[in-house]
Amino acid sequence: MKVAIVGSTGYGGVELIRLLASHPLAEVTSVISSSSAGTSITEGYPHLTGIREELLDDVDPAAIKAKADVVFLATPPGVASKLVPQLLEAGLKIIDLSGDFRLKSPDLYKEWYKKEAADEAYLKRAVFGLPEVYGDSVQDAPFISNPGCYPTATLLGLVPAVKEGWIDPSTIIIDAKSGVSGAGRGASLGTHYSELNENFRAYKLNQHQHIPEIEMVLSDMAARPVVATFSTHLVPMTRGIMSTMYASVQGERSAQDFIDLYKSYYEGRPFVRIRPEGQWPSTKEVWGSNYCDIGFAVDKRTGRVTIVSVIDNLVKGAAGQAIQNLNLMMGWDETLGLQFVPAYP
Ligand SMILES: NC(=O)C1=CN([C@@H]2O[C@H](COP(=O)(O)OP(=O)(O)OC[C@H]3O[C@@H](n4cnc5c(N)ncnc54)[C@H](OP(=O)(O)O)[C@@H]3O)[C@@H](O)[C@H]2O)C=CC1
Ligand SMILES: CC(=O)N[C@@H](CCC(=O)OP(=O)(O)O)C(=O)O
């Protein structure tokens, strides 16, 4: 299977290159750049020396179709919405890592992303690619919208409890933290070393573009509208997301009950690992891997459960999940090219 990557010079794109280098059935045949076509990707990423030496291609749907069967879009918001119609009409399969096709309502996209939405007809064609929740619809889909990094960690941590009615959805609070690679490669004041190092700060409170994405899936699971408090923080580390979630428990449930429920819900899903009672995952324990690890604590005094969910934002939160979706789209084993152990320490 021949693969092209638009946005190959960004962090998501370069992570796709890293992971696909060891995929047994997919071969990257075109790395694409809107600003550096004709130069080698090794100029910006010397670690790819000897791995991807060919020159970057321009963004040209006909040329992409001539070289590839599937295209990954790892581009900033507002790019895929314009490119996807041309790529789909050219007969390409698509996996979009951006937020352009996750929300089905153009008005909601405009409200949260502050940009024009994609054409509604194309929004309807995109399948939300969270395999552990929507596995059946991802299978064989020609156009997949990869979930956001924060929603992946958060939803995998909340879906079974919401779906089974074990927590009151109106009480959910999500306290999320991300490493700085989540903001992409572009330099900015908020992400440069002296602003970030030895610092820890909240950002986009009640304004984060992932809020409607999280609420979309939770509402689907609860079969009624759900709104949630979602707070994001920047941590002085490169990779990793931790979502710590709080909600009121409905009925008498222990941490072990939650563990048993989640183990049963995620049975046969190789990338979700449920921790034993009293053990809560840390970001380093999934670093460089496609795992999402989840742990629980139930407080009988408050009647609340605390759920801790961690991922590597660039792998399960972006490129790894995109490859998992490629595998499902092609009818392959979903673990192909993703069977590696987290790098530790
Ligand atoms: N970083 C992360 O952890 C995650 C990122 N995402 C999403 O994935 C997407 C990519 O993120 P990330 O790799 O971090 O971002 P980066 O900023 O690191 O890279 C984005 C790349 O897109 C390319 N690009 C910019 N404008 C255009 C355009 N008009 N047409 C084609 N290509 C363009 C740029 O390369 P060039 O100038 O060479 O074309 C750039 O390198 C974003 O939508 C992001 O929100 C989703 C989940 C996690
Ligand atoms: C640390 C950091 O800045 N993270 C980014 C994640 C952006 C992202 O992945 O955006 P989409 O999923 O919407 O494309 C943020 O919080 O906006």
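As the structure is a computational prediction, the values presented were derived from the model and not from experiment. (Residues numbered from 1 in each chain as written. Chains lettered and ligands numbered in written order. Predicted model: local features only at pLDDT ≥ 70, side-chain atom pairs only at ≥ 80, totals over all residues.)

Caption draft 1: Here's a closer look at the site of ligand 1. The full set close to ligand 1 counts 30 residues, and Gly10, Gly12, Ser33, Ser98 and Gly184 are the nearest of them. Taken together, the elements giving at least two residues each to the shell around ligand 1 come down to α1 (11-20) and α11 (315-329). The biggest single contributor to the shell around ligand 1 is α1, with three residues. Here the shell around ligand 1 gathers at least three residues from each of two domains, domain 1 (2-125) and domain 2 (150-313). (Near = placed C-beta within 6 Å. Helix = DSSP H or I, 4+ residues; strand = E, 2+ residues; numbered from the N terminus. Domains from an automatic or database assignment.)

Caption draft 2: Up close: helix α9 (residues 211-222). For α9, with twelve residues, the first-to-last C-alpha span of 16 Å sits near the 16 Å given by 1.5 Å per residue. Inspection of α9 places Ile211, Pro212, Glu213, Ile214, Glu215, Val217 and Leu218 among the buried residues, and these make up the whole buried set. Elements in contact with the buried residues of α9: α4 (106-113), α6 (131-138), α7 (149-163) and β9 (229-234). Ala223 sits one or two residues past α9 and shows a positive phi near 60 degrees. (Expected span 1.5 Å × (residues − 1). Buried ≥ 20, exposed ≤ 12 C-beta atoms within 10 Å, placed from the backbone. Contact = placed C-beta atoms within 7 Å.)

Caption draft 3: Molecular detail of the sheet that holds strand β11 (residues 272-274). Spatial ordering of the open sheet is given by β8-β9-β7-β10-β13-β12-β11, a layout of seven strands whose pairing is mixed. Of all strands in the sheet, those with a lone pairing partner are β8 (201-203) and β11, marking the two edges. Looking at each pair of strands side by side, their axes are set apart by 25 degrees on average, direction ignored. Relative to strand β13 (residues 304-311), strand β12 (residues 292-299) runs antiparallel, the two sharing seven bridges. Of the residues in β13, the one forming a bridge with Val298 is Val305. With respect to the sheet, α7 is in contact with β7 (173-178), β9, β10 (241-248), β11, β12 and β13, its orientation differing from that of β10 by roughly 40 degrees. (Pairing = 2+ DSSP bridges. Axes fitted to C-alpha atoms, helices over the stretch in contact; angles between N-to-C directions.)

The quantities given are spatial measurements derived from coordinates; they are silent on function.
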